[in-house]
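# Breakdown of the fold
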Amino acid sequence: MNAQASLFLKLAALALLACLPLSGESFYVELVSKTLVLAIFAMSLDLLVGFTGLVSFGHAAYFGVAAYAVAQLSPKYEAASLWFVLPASVGLSALVALFVGLFVLRTKGIYFIMVTLAFAQLAFFVFHDTPLGGGSDGIYLNVKPTAEIAGWVPFDLDNQQHLYYFILAMLVAVYAFLSRILQSPFGRVLVGIKSNEHRMQSMGYITFRYKLAAFALAGGLGGIAGFLYAVVFGFVTPELLSWHQSGNVLLMVILGGMGNLVGAIAGAFLFTGMQEVFATWTKHWQLVMGSVIVAAVLFLPGGLAAIPGRIKRSLQGGGSHE
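Residues numbered from 1 in each chain as written. Predicted model: local features only at pLDDT ≥ 70, side-chain atom pairs only at ≥ 80, totals over all residues. Heavy atoms only, no water.

Time to look at the overall build of the chain. A count of helices and strands for the chain gives twelve helices and two strands. Along the chain direction, N to C, the helices and strands of the chain fall in the order α-α-α-α-α-β-α-α-α-β-α-α-α-α. Taking 20 Å as the expected radius of gyration for a compact globule of 322 residues, we find that the chain reaches 20 Å, a close match to that expectation. Within the chain, counting contacts between residues at least 6 apart in sequence, those at least 24 apart form 76% of the total. Entry remark: accessible area of the chain is about 16100 Å², with carbon and sulfur atoms responsible for 66%. Each charge sign in the chain was given a centre, from 16 positive and 13 negative side chains, and these centres are 19 Å apart. (Helix = DSSP H or I, 4+ residues; strand = E, 2+ residues; numbered from the N terminus. Rg over C-alpha atoms; globule rule 2.2 N^0.38 Å. Contact = heavy atoms within 4.5 Å. Areas by Shrake-Rupley, 256 points an atom, 1.4 Å probe, with all protein chains shown as cover. Lys, Arg positive; Asp, Glu negative; His and termini not counted. Charge placed at Lys NZ, Arg CZ, Asp CG, Glu CD.)

Bringing the packing of helix H7 (residues 185–202) against helix H8 (residues 207–233) into the picture now. Close contact between H7 and H8 brings their axes to 10 Å; oriented N to C, the two are set at 140°. Relative to H8, the element H7 lies oblique. Between H7 and H8 the crossing geometry is left-handed. Mapping the contact onto sequence places Phe186, Val189, Leu190, Ile193, Glu197, Met200 and Gln201 in H7 and Thr207, Tyr210, Lys211, Ala213 and Ala214 in H8. For the contact of H7 with H8, the per-class residue count stands at eight nonpolar, two polar and two charged. (Axes fitted to C-alpha atoms, helices over the stretch in contact; angles between N-to-C directions. Parallel < 35°, antiparallel > 145°, perpendicular 65-115°, else oblique. Left-handed = near helix turned anticlockwise from the far one by under 90°. Nonpolar A, V, L, I, M, F, W, Y, C, P; charged D, E, K, R; others polar.)

Counting residues in each nonpolar core, the largest one holds 86 residues, and the members touching the most others are Phe166, Phe215, Phe227 and Leu228. Considering each element in turn, this core owes the most residues, 15 residues, to helix H2 (residues 26–52). Sequence-distant contacts of Phe166, defined by excluding residues within four places in its chain, comprise Leu82, Leu86, Phe155, Leu157, Phe227 and Leu228. (Core = buried A, V, L, I, M, F, W, Y, C linked by side-chain atoms within 4.5 Å. Buried < 20%, exposed > 50% of the residue type's maximum accessible area, 1.4 Å probe, protein only.)

The phi dihedral of Ala150 falls on the positive side, at around 50°, and the residue is not glycine. Tracing the chain through its elements places Ala150 in the loop between strand E1 (139–140) and helix H6 (160–183). Exposure remark for Ala150: the relative accessible area of 85% places this residue in the exposed category.

Let us look at the environment of Leu17. For Leu17, the location among the structural elements is in helix H1 (residues 3–19). Setting aside anything within four residues of it in sequence, one finds Leu17 in contact with Val32, Leu36, Tyr164, Leu168 and Phe269.

Right, dumping it as structure tokens:
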């Protein structure tokens, strides 16, 4: 697929998403809002898994930390300032990721995966077993943050349409930011580390610093998703930090195609769509979904992002026989 066709499809998809609230279907607006949040979450993990080669199984920790930060920093019966709680929650999740990265990045392979999981479970139990996180019941966010600036309110997060467009704008901003980062020298070093870390070290790059920066950045971007999740649903629970939440977002990245930001977004939509559809079919929907995911990994190893390339090769192959 050439660049012009790719750009056209991206703009068409964005236009379609922008028109969704005009349908007046509040259920689908909320569902797509949730999916857009998960798409941001998936892109943040793809920076590690798909571009840097770091398979983290504890990425939900930064998602949950940011969500809890929103609830903890917001007054119980008053609206907190969006311009304070958003950067504060994202900054906190990035700081936690930086701290964790200092330890986990000293390991490799299966040990790295298990240590990231261990830190995530540690964070889970901190919020589950202490008053800090309200125990298993979690904490409610009674009032959504306000975007007020010196008496002027540019948008209202209590309005479903305004909230939807805010989330969509954040998705576009994260996508544009990551695209720019990955095209920069920093991003090219990350791709080089994934391809051959020893070679990058022999060229003089201190790869630990690059991986740590990527780890903290991914944690901060995951924090954006956690912030938005708390605002959309109005409550947070320790389950947001659990290992299966990390597993779900990893599956989104795999389904969409690792190392492809659009694929991560598509994977989030596919994963959420399958959940909704299969849940209406049978009470054993998780079994059906698991079977579909296994089949997708076996027969479409490159994920959704690999489909255009396969179609192109198939057409070229078909044309060569004529």
